[in-house]
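# Structural overview
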Amino acid sequence: MSARKKLVLASASPRRVELLQQAGIEPDRLLPANIDETPIKAEHPRSLAKRLSRAKAEKAMERLRKDGEAAVSFLLAADTVVSVGRRILPKAETLDDASNCLRLLSGRSHRVFTGICVFTPEGKLRQRLVESRVRFKRLSKQELEHYLASGEWRGKAGGYAIQGIAGSFVVKLVGSYTNVVGLPLYETTALLGGEGFDVSPRWLQQADEDALPES
């Protein structure tokens, strides 16, 4: 029987780790790939998500090859982009960033694109792009001020976290919810499974744990 292949996540995002764990997948290693995420002039949001996810995957793969782990690992990278039309919203790092994003999103629809990239142990590169559409209610001045004061927006693409307080702002969502959180689980598990990574071992482990009598 061949040895189990490792899964390396090219990210340090707690949200992406939690999403994988939700699907019963535990990354064997986190290998953040720090790259320049500045959009190219006139770059479309979907193109940016694809380009950045691939760049993260390629940079992390360079490290894996140096460490001698590439041939025994699946490497997963992702990048999420929020946009209103062709306007790309930043990852909010300052109060002004978040305020500008939320004022733009208030009462409007926007799109969330996530590029996902997988390198297989054989060195094949597979890529997908997932799109979701989200509509926010019109935010009152008080809601905006209180959300900004919460600090939940910090480091989030578009200045909000749908899995938190901002979930109450969503009037309509078309597409993948987990995509908006930061990693579309259906497409990710399908991509990994299609390339031979077994996504289900921990499901059986969980079933065994649930069957144990309470002490």
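Report on the accompanying structure. Residue numbers here run from 1 along each chain, matching the order of that chain's written sequence. Only residues with pLDDT of 70 or above have their local features reported here, since the model is predicted, and side-chain atom pairs are shown and tallied only from 80 upward, although totals for entire chains, interfaces and linings are computed over all residues. Values shown for side chains rest on all heavy atoms present in the structure; no hydrogens or waters enter the calculation.

### Observations regarding the packing of aromatic side chains
Centres within 6.5 Å make a pair out of two Phe, Tyr or Trp rings, where for Trp the six-membered ring is used; the pair is then stacked when the planes are under 30 degrees apart, edge-to-face when over 60, and tilted otherwise. Scanning the entire structure with this criterion turns up 4 aromatic pairs. Geometrically, the ring pair formed by F136 and Y160 is edge-to-face, given 4.8 Å between the ring centres and 70° between the ring planes. With F136 in strand β6 (residues 125-136) and Y160 in the loop between α4 (141-150) and β7 (170-174), this pair connects stretches of sequence that are 24 residues apart. Arranged with centres 5.3 Å apart and planes meeting at 70°, the rings of Y147 and F169 form a pair that is edge-to-face. Remark: F169 occurs in the loop between α4 and β7 and Y147 occurs in helix α4; sequence separation between them is 22 residues. Assessed through its relative accessible area of 2%, Y147 is described here as buried. Relative accessibility thresholds used throughout: buried, under 20% of the residue-type maximum; exposed, over 50%; partly exposed, between the two (1.4 Å probe, protein chains only). With a relative accessible area of 4%, F169 lands in the buried category. Working definition: helices are DSSP H or I runs of at least four residues, strands are E runs of at least two. Numbering for both runs from the N terminus.

### Observations concerning the pattern of salt bridges
What counts as a salt bridge is simple: a side-chain nitrogen of Lys or Arg found within 4 Å of a carboxyl oxygen of Asp or Glu. In the structure shown here, the tally under the stated rule is 13 salt bridges. In this structure, E43 engages R51 in a salt bridge whose closest nitrogen and oxygen atoms are separated by 2.8 Å. With its nearest N and O atoms 3.1 Å apart, the salt bridge here joins R126 to E195. Residue R126 is located in strand β6, and its partner E195 is located in the loop between α6 (185-194) and α7 (201-211); the two are separated by 69 residues in the primary sequence. Three or more residues joined by partner-sharing salt bridges are found here, namely R29, R63, D67 and E69.

### Quick word on the environment of S109
You can see S109 is positioned in strand β5 (residues 109-119). Given the relative accessible area of 42%, S109 is considered partly exposed. When the C-alpha positions of S109 and L173 are compared, they lie 9.3 Å apart, and in sequence the two are 64 residues distant. Whenever a nitrogen or oxygen atom comes within 3.5 Å of another N or O atom, the pair is scored as a polar contact, on the condition that within protein one atom can donate a hydrogen and the other can accept it, and that pairs from neighbouring residues in sequence are kept only if both atoms are in side chains. Polar contacts involving the side chain of S109 include one to the side chain of R135, which spans 3.3 Å.

### Examining the packing of helix α3 (residues 95-105) against α4
At a minimum axis distance of 10 Å, the contact between α3 and α4 shows a crossing angle of 145°. Note that α3 runs across α4; the crossing there is right-handed. Contacts between α3 and α4 pair L95, A98, S99, L102 and R103 from the former with L144, Y147 and L148 from the latter. Looking at the contact of α3 with α4 residue by residue, the class counts come to 6 nonpolar, 1 polar and 1 charged. Orientation is described by axes fitted as lines to C-alpha atoms, over the contacting stretch for helices, and by angles from 0 to 180 degrees between their N-to-C directions. For any helix crossing, the convention is left-handed if the near helix is rotated counterclockwise from the far helix by under a right angle, and right-handed if that rotation is clockwise. Residues count as neighbours in contact if any of their non-hydrogen atoms are within 4.5 Å of one another. Each residue gets one of three labels, nonpolar for Ala, Val, Leu, Ile, Met, Phe, Trp, Tyr, Cys and Pro, charged for Asp, Glu, Lys and Arg, and polar for the others, Gly among them.

### Some details on the nonpolar core
Among buried residues, the Ala, Val, Leu, Ile, Met, Phe, Trp, Tyr and Cys ones that are joined through side-chain atoms within 4.5 Å form a nonpolar core. Ranked by internal contacts, the top residues of the largest apolar core, which has 43 residues, are L7, L102, Y147 and Y160. Among residues more than four places away in sequence, those in contact with L7 are L20, I25, P27, D28, R29, F74, L76, L192 and F197.

### Details of the pairing of β6
Of the pairings in the sheet, the one linking β5 to β6 comprises 11 bridges and is antiparallel in character. Across the sheet, the residue bridging to C117 is Q127, located in β6. Strands pair, by our definition, only if DSSP identifies at least two bridges between them. What sits between the antiparallel neighbours β5 and β6 is a turn of 5 residues, in which G123 has the positive phi angle 90°. Taken together, the 4 bridges between β6 and β7 define a ladder with antiparallel strand orientation. Looking at β7, one finds that R135 is bridged to K172.

### Quick notes on the environment of V72
Within the fold, V72 resides in the loop between α2 (45-67) and β3 (73-84). Sequence-wise, V72 and K6 are 66 residues apart; in three dimensions their C-alpha atoms are separated by 6.2 Å. Each residue touching V72, except ones within four places of it in the same chain, is listed here: K5 and K6.

### Thoughts on unusual backbone geometry
Residues other than glycine predominantly adopt negative phi, and peptide bonds predominantly adopt the trans conformation. Positive phi, close to 65°, is recorded for A42, a residue that is not glycine. Mapped onto the fold, A42 is located in the loop between β2 (29-30) and α2. According to the relative accessible area criterion, A42 is exposed, its value standing at 66%.

### Thoughts on helix α1 (residues 14-22)
Buried within α1 we find R16, V17, L19 and L20. Across the axial projection of α1, the buried residues extend over an arc of 160°, all falling on one side. In α1, those exposed residues whose orientation departs by more than 90 degrees from the buried face are P14, E18 and Q22. Each element contacted by the buried residues of α1 is listed here: β1 (6-9), β2, α2, β3, α5 (177-181) and α6. A positive phi of about 80° marks G24, the residue just after α1. What the arc covers is the set of directions going from the helix axis to the C-beta atoms.

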